[in-house]
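Residues per chain are reported as follows:
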Amino acid sequence: MKSVKQILNYLETQSNSTRIKVNQKNGNKLPQFGVPMLILRKLANELGKNQELASSLWNENNLDAKMLSVMIMDPKKLNKNKIELIANEIEFCYLMDDFIDYVVFMRDDRDIYMEQWIKSSNDILGRGGWYLVVKSILKNNVDEQKIDRYLNIIKVELGNTTIKKQETMNRALCEIGINYPKYTGQCLKIGEELGVYRDIKVSKGCTSPYAIDWIRVGLEKKEKVKT
């Protein structure tokens, strides 16, 4: 399977109505087949990094083609202008998440985009910036000066920012509280004072995105790992 046409034909055979509904619910406006992520990732592994093919797939007006595209992009073969151009074209949260995972976070200059995008008023671009913050936190490579600055931004903006940006900003708050013990109390206090997601209903067995609940569950899991 080497041509864009062959790939699109295959993706169409993997259409999933449930996935289509999930994507639509989360804001996708592009034509789509609704291919499950497991299938897209498997195909991406088979194709390997291929920037020429990735560029051709990106130019297709189809969500699944674009999702596959970012999975096979070669981060080293994209310049700063191209990274910013692609990022500004993305209008769907999951596509931005994968672009961060497979491309931007793999680059040595990722902090440049992180610092730019967290300030963006664009919902999806702002989401991307804060997702970069989350990934850096999980790698434990964020210094205290930056954490202080991120928490100050969160205190001011979390309660009234845009929907998809709020999700990753809230996750940043929770991951700081879970992974940096010095800041756990402060994160719990911020979460309680802002009350974002406090009243949200979640399915049985799922963890609430409310910071107080999320941080406590995360800390409990870390303690279980230790024992």
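Our subject is the structure listed above.
Draft legend 1. Representation of the nonpolar core within the structure. Among the nonpolar cores identified, the biggest contains 72 residues, and Met73, Phe99, Trp117, Trp130, Leu151 and Ile154 are the most heavily contacted of them. Looking at this core, the element that brings in the most residues is helix H9 (residues 123-138), giving eight residues. Not counting the four nearest positions on each side in its chain, Leu151 is found in contact with Leu173, Ile176, Tyr183, Gln186, Cys187 and Ile190.

Draft legend 2. Geometry of the environment of Arg110. Looking at the element boundaries, Arg110 is found in helix H8 (residues 110-117). Judged by relative accessible area, which is 22%, Arg110 ranks as partly exposed. Placed 105 residues apart in sequence, Arg110 and Lys5 show a C-alpha to C-alpha distance of 33 Å. If near-sequence neighbours (up to four positions away) are discounted, Arg110 is found in contact with Val104, Phe105, Leu132 and Asn141. A polar atom in the side chain of Arg110 sits 3.3 Å from the backbone oxygen of Phe105.

Draft legend 3. Broad picture of the pattern of salt bridges. This structure, assessed with the given rule, holds eleven salt bridges. The salt bridge involving Glu167 is made with Arg127; its shortest N-O contact spans 2.7 Å. One end of the pair, Glu167, is in helix H11 (residues 163-179); the other, Arg127, is in helix H9, with 40 residues separating them in the sequence. For Glu144, the salt bridge goes to Lys182, with nearest N and O atoms at 2.8 Å. Here Glu144, found in helix H10 (residues 144-157), pairs with Lys182, found in the loop between H11 and helix H12 (184-194); they are 38 residues apart in sequence, far enough to count as distant. The exposure class assigned to Glu144 is partly exposed, which follows from its relative accessible area of 42%. The network of salt bridges with shared partners includes Asp97, Arg127, Lys164 and Glu167.

Draft legend 4. How the structure looks around the packing of H8 against H9. Put simply, H8 and H9 touch, their axes get as near as 8 Å, and they point 130° apart. The angle between the axes of H8 and H9 places the two elements in the oblique class. At the point where H8 passes H9, the crossing takes the left-handed sense. Contacts between H8 and H9 involve Arg110, Tyr113, Met114 and Trp117 on the former and, on the latter, Leu125, Gly126, Gly128, Gly129, Leu132, Val133 and Ser136. Its residues placed into classes, the contact of H8 with H9 shows six nonpolar, four polar and one charged.

Here is what the cut-offs are and how they apply
Residues numbered from 1 in each chain as written. Predicted model: local features only at pLDDT ≥ 70, side-chain atom pairs only at ≥ 80, totals over all residues. Heavy atoms only, no water. Core = buried A, V, L, I, M, F, W, Y, C linked by side-chain atoms within 4.5 Å. Buried < 20%, exposed > 50% of the residue type's maximum accessible area, 1.4 Å probe, protein only. Helix = DSSP H or I, 4+ residues; strand = E, 2+ residues; numbered from the N terminus. Contact = heavy atoms within 4.5 Å. Polar contact = N/O pair within 3.5 Å; in protein donor to acceptor, adjacent residues only side chain to side chain. Salt bridge = Lys/Arg side-chain N within 4 Å of Asp/Glu carboxyl O. Axes fitted to C-alpha atoms, helices over the stretch in contact; angles between N-to-C directions. Parallel < 35°, antiparallel > 145°, perpendicular 65-115°, else oblique. Left-handed = near helix turned anticlockwise from the far one by under 90°. Nonpolar A, V, L, I, M, F, W, Y, C, P; charged D, E, K, R; others polar.

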